[in-house]
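Residue-level listing of the chains:
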Amino acid sequence: MQSLDINCSWNIRFFHWFLIFSALSFLAFFLFMPIALVFNLAFQEGISVYLSAITEPDAKAAIKLTLLVAVIAVPLNIVFGLAASWAITKFDFMGKSLLITLIDLPFSVSPVISGLIYILLFGANSVLAPVLKTYDIQIIFAVPGIVLATLFVTFPFVARQLIPLMQEQGIEEEEAAIALGANGFQTFFFVTLPNIKWALLYGVLLCNARAMGEFGAVSIVSGHIRGITSTVPLQVEILYNEYNFTAAFAVASLLAFLALITLCLKSFLEIKFSHEINVSNG
Amino acid sequence: MKKIFAVVIAVILLGVGSLMLVNGDKPKDKTVAILNVSYDPTREFYHEYNQYFIKSWKEKTGEDVEIRMSHGGAGKQARSVIDGLKADVVTLALAYDIDAISQITGKIPANWQERLADNSAPYTSTIVFLVRKGNPKNIKDWDDLAKDGVQVITPNPKTSGGARWNYLAAWGFAQEKWGDEAKTREFISKLYKNVPILDTGARGSTMTFVHRQMGDVLLAWENEAFLSINKLGADKFEIVVPSVSILAEPPVTVIDGVVDERGTRKVAEAYLKQLYTPEAQEMSAKHYYRPRSQEVMKKYEDRYPKIRLFTVDDTFGGWQKAQKTHFADGGVFDQLYNTR
């Protein structure tokens, strides 16, 4: 009997280490190695080549455009995410589950489809085309289309982060505030917002990373005009296709930097405020 | 905690502010800009040609002009123009894609191809094979592509103009050799069974072959094949010239609907006309296109392999017919590719 027990625990221990080892080697292979490779290739011709690659006019235009898109898309998503999760978790109304499903829609739709719907909606052969033409508004193959496509794919990030937390927090504190004479805005800014701020920040972080990194949907509506409608991910593709590998990886390294910063901030928030971000950890 | 949160908000605001500053210093000059929507392998040629045109336009008129470029698979690019991408000029891989723009949008007259010399194609090219150094699979001609164990890299004819030239060149070869439709179909079907991946554009396929090291032979534009060898080393690849190939005429045209709306007709027309000047023809030869100008062609004669070339008009009765028979939905390509 005893020998069997030893055998068993040895088996479990072995399995334990096997799992850890396979998870780590998987991470090393699919995560750390590619990132290291990106930086390695970006700097292979020295720092001056790297710097000139990321300060070249087209690259600068791409960086500007990516920042602009994020600066528009992220705040709009904050407003929407707050409003939606506030409505869903603090009130009861008809069609609530339908709204939740709709919020999740961009997660389940391929980014290519997200781009195509805007072409169907605003393209030269769409129903809206005559109206757009009359007022000389260019949506797709221009910055507004890129912003719209980015908005669509980043739609769920903030709301998805807030809804579970706000659901668990319930409505007692808000009820108390209102009973004590606070108005709607006061309740929101002094009671609700402080309770969810870290979760909100966490959602914003993820939303921003996706907004800057989105390729598929943006690629469809961009038109790929160099220096005008190329975001950073699209510029990487252009450079790569022009045999300009070092420059492609230099620009790609900016996205890798963004990913690393996001990762650090994310872990920081997770460690520091885990109970205020996720209900399950609380 | 409140402090940390305040700091984060401040950082975000700072970011927004600096971005606005960066955007604020954009010069508000009134430079005319025209957009050239082109296919994949013209990147290097137009990069050089644009500099030349900008300079000569400034000399001639005193005006500054900016030329914007968009590159991609020809079919995809035409689709974007149809969907509203405001191209002043299109310089695509084949006439059918421009026909499609003309038919669907009505922004180009149907006889657009007669507006410039040589079927509106200022340079031509053909389809050749790029193989790995030493030609390990011993690929000599089109029929070697259908052999077992040979992997062929070619883009998707639905989205890429180059891919359609590849397909028609193979078809033309088979038709000549066997003179029999069933045999030709069998050959094409076998050939495409050997294709592991269909990229959307010619440049994507080149990258798959030269950079990702997939496949034994790349069906490529002649200029793209030379470029691969020049950029990535003659020690890695070599060009195989088949017994017969197709005369590829990549045409150019002004999009009337766009230039009239934007008031850019004059500069757009000059931009295309100048492609026929000796200087531009030299440039096209430098980038391994076959120049139309006989003199320039003579000068560089020995850099182009001698191949017998057939045309789409003679072998397939024109692009309209070729497109309908082979590449339309449910056409011959679909039939053969889907049964593979």
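To start, this report covers the structure provided alongside it. (Residues numbered from 1 in each chain as written. Chains lettered and ligands numbered in written order. Predicted model: local features only at pLDDT ≥ 70, side-chain atom pairs only at ≥ 80, totals over all residues. Heavy atoms only, no water.)

Description of the overall build of chain A
Working step 1: Each helix and strand counted, chain A has 13 helices and 0 strands in total.
Working step 2: The order of α-helices and β-strands along chain A, N terminus first, is α-α-α-α-α-α-α-α-α-α-α-α-α.
Working step 3: Taken over C-alpha atoms, the radius of gyration comes to 24 Å for chain A, far larger than the 19 Å a tight globule of 282 residues would show.
Working step 4: With the C-alpha coordinates aligned to their principal axes, the bounding extent of chain A is approximately 70 × 60 × 35 Å.
Working step 5: Considering chain A as a whole, with its 282 residues, one finds that 41% of them fall into the buried category.
Working step 6: In the form shown here, chain A has an accessible surface area of approximately 15,000 Å², with 73% of it arising from carbon and sulfur atoms.
Working step 7: Side-chain charges of chain A comprise 12 positive and 17 negative groups, with the mean position of each set lying 4 Å from the other. (Helix = DSSP H or I, 4+ residues; strand = E, 2+ residues; numbered from the N terminus. Rg over C-alpha atoms; globule rule 2.2 N^0.38 Å. Buried < 20%, exposed > 50% of the residue type's maximum accessible area, 1.4 Å probe, protein only. Areas by Shrake-Rupley, 256 points an atom, 1.4 Å probe, with all protein chains shown as cover. Lys, Arg positive; Asp, Glu negative; His and termini not counted. Charge placed at Lys NZ, Arg CZ, Asp CG, Glu CD.)

With respect to a nonpolar patch on the surface
Working step 1: A cluster of nonpolar side chains, contributed by A:W17, A:I20, A:L24, A:L27, A:L31 and A:F32, occupies part of the molecular surface with about 600 Å² of accessible area.
Working step 2: Structurally, A:L24 is set in helix α1 (residues 2-42). (Patch = residues over 30% accessible without salt bridge, like charges linked within 9 Å, V, L, I, M, F, W, Y side chains within 5 Å. Salt bridge = Lys/Arg side-chain N within 4 Å of Asp/Glu carboxyl O.)

Considering the sheet that holds strand β1 (residues 32-39) of chain B
Residues and elements named next belong to chain B.
Working step 1: Spatially, 4 strands are ordered β2-β1-β3-β10 in an open sheet, and the strand pairing comes out mixed. The sheet terminates laterally at β2 (65-72) and β10 (252-254), the two strands that pair on one side only. Strand-to-strand twist in this sheet, taken as the mean axis angle between neighbours without regard to direction, amounts to 20°.
Working step 2: With 3 bridges joining them, β1 and strand β3 (residues 89-91) adopt parallel strand pairing. (Pairing = 2+ DSSP bridges. Axes fitted to C-alpha atoms, helices over the stretch in contact; angles between N-to-C directions.)

A look at empty space enclosed by the protein
Where empty space is left in the structure can be found by rolling a water-sized probe over the atoms.
Residues and elements named next belong to chain B.
Working step 1: Evaluated as defined, the whole model comprises 3 cavities of 30 Å³ or more.
Working step 2: What the largest cavity holds in volume is close to 60 Å³.
Working step 3: In terms of lining, the largest cavity is formed by P155, G162, A163, N166, A202, S205, T206, L218, L219, A220, W221 and E224.
Working step 4: Looking at the lining of the largest cavity, the elements that each hand over two or more residues are α5 (161-178), α7 (202-210) and β7 (217-221).
Working step 5: Looking at side-chain class alone, the lining of the largest cavity contains 7 nonpolar, 4 polar and 1 charged residues.
Working step 6: Reported here for the second largest cavity is a volume of approximately 40 Å³.
Working step 7: Lining the second largest cavity are P41, E44, F45, N223, L227, H287 and Y289.
Working step 8: Class assignment for the residues of the lining of the second largest cavity results in 4 nonpolar, 2 polar and 1 charged. (1 Å grid on protein atoms, 1.4 Å probe; cavity = no way out; pocket = protein on both sides within 12 Å on 5 of 7 lines; lining within 4 Å. Points joined across faces, edges and corners; volume = space filled by probe spheres on them. Nonpolar A, V, L, I, M, F, W, Y, C, P; charged D, E, K, R; others polar.)

What about the pattern of salt bridges?
Working step 1: Inspection of the entire model under this criterion finds 34 salt bridges over all chains.
Working step 2: Between A:R210 and A:E214 there is a salt bridge; the shortest N-O distance is 2.8 Å.
Working step 3: Within this structure, A:D58, A:R226, A:E242, B:D40 and B:R43 form a network of salt bridges that share partners.

A few points about the packing of helix α2 (residues 47-55) of chain A against helix α3 (residues 57-90) of chain A
All names here are of chain A.
Working step 1: Across the interface, α2 lies against α3 with an axial gap of 5 Å and an inter-helix angle of 60°. Classified by the interaxial angle, the pair formed by α2 and α3 is oblique. Facing α2, whose interface residues are A53, I54 and T55, α3 presents P57, A59, K60 and I63.
Working step 2: Class assignment for the residues of the contact of α2 with α3 results in 5 nonpolar, 1 polar and 1 charged. (Parallel < 35°, antiparallel > 145°, perpendicular 65-115°, else oblique. Contact = heavy atoms within 4.5 Å.)

Section: the interface of chain B and chain A
Interfaces are often sized by the amount of accessible area the parts lose when they come together.
Working step 1: Contact residues are listed per partner, giving 35 residues for chain B and 29 residues for chain A.
Working step 2: Roughly 2,900 Å² of surface becomes buried between chain B and chain A when both sides are summed, with 65% attributable to carbon and sulfur atoms.
Working step 3: Scanning the region where chain B abuts chain A turns up 3 salt bridges.
Working step 4: In this structure, B:R43 and A:E242 form a salt bridge, with 3.2 Å as the shortest nitrogen-oxygen distance.
Working step 5: Linking chain B with chain A are 10 residue pairs in polar contact (both at pLDDT 80 or more).
Working step 6: At the level of elements, α1 (2-24), α2 (43-61), β2, α3 (74-82), α7 and α8 (222-232) of chain B are the ones that each hand at least two residues to the side of chain B that touches chain A.
Working step 7: It is α1(B) that contributes the most residues to the side of chain B that touches chain A, 8 residues altogether.
Working step 8: Of the residues contributing to the side of chain B that touches chain A, the split by class is 15 nonpolar, 8 polar and 12 charged. (Buried area = accessible area lost by both parts, 1.4 Å probe. Polar contact = N/O pair within 3.5 Å; in protein donor to acceptor, adjacent residues only side chain to side chain.)

Observations concerning the packing of aromatic side chains
Residue and element names in this part refer to chain B.
Working step 1: Evaluation of the coordinates by the stated rule reveals 41 aromatic pairs over all chains.
Working step 2: Through pairs of rings, three or more aromatic residues link up here, namely F45, Y46, Y49, Y52, F53, W57, Y123, Y271 and Y289.
Working step 3: Note that R132 overlies the ring of F209, its terminal NZ or CZ placed 4.0 Å from the centroid.
Working step 4: Lying over the aromatic face of Y288, R303 brings its terminal NZ or CZ to 4.2 Å of the ring centre. (Phe/Tyr/Trp six-rings, centres within 6.5 Å; stacked < 30°, edge-to-face > 60°. Lys NZ or Arg CZ within 6 Å of the ring centre and 35° of its normal.)

Some thoughts on the sheet that holds strand β5 (residues 127-132) of chain B
Residue and element names in this part refer to chain B.
Working step 1: Taken together, 4 strands build an open sheet; the order of strands is β6-β7-β5-β8 and the sheet is mixed. Edge strands, defined here as strands with exactly one partner in the open sheet, are β6 (152-153) and β8 (237-240).
Working step 2: Pairing geometry for β6 and β7, over 2 bridges, is parallel. Across the sheet, the residue bridging to V152 is V217, located in β7.
Working step 3: Packed onto the sheet, α5 meets β5 and β7 and runs at close to 110° relative to β7.

Notes on the side chain of B:N135
Working step 1: With respect to the helices and strands, the residue B:N135 is situated in the loop between β5 and β6.
Working step 2: Once you skip the residues sitting within four places of it in the chain, B:N135 turns out to touch B:E238 and B:V240.

Things to note about the environment of A:Q169
All names here are of chain A.
Working step 1: Position of Q169 relative to the elements: it lies in helix α8 (residues 156-169).
Working step 2: By relative accessible area, which is 27% here, Q169 ends up partly exposed.
Working step 3: When sequence neighbours within four positions are dropped, the list of residues in contact with Q169 reads N195 and I196.

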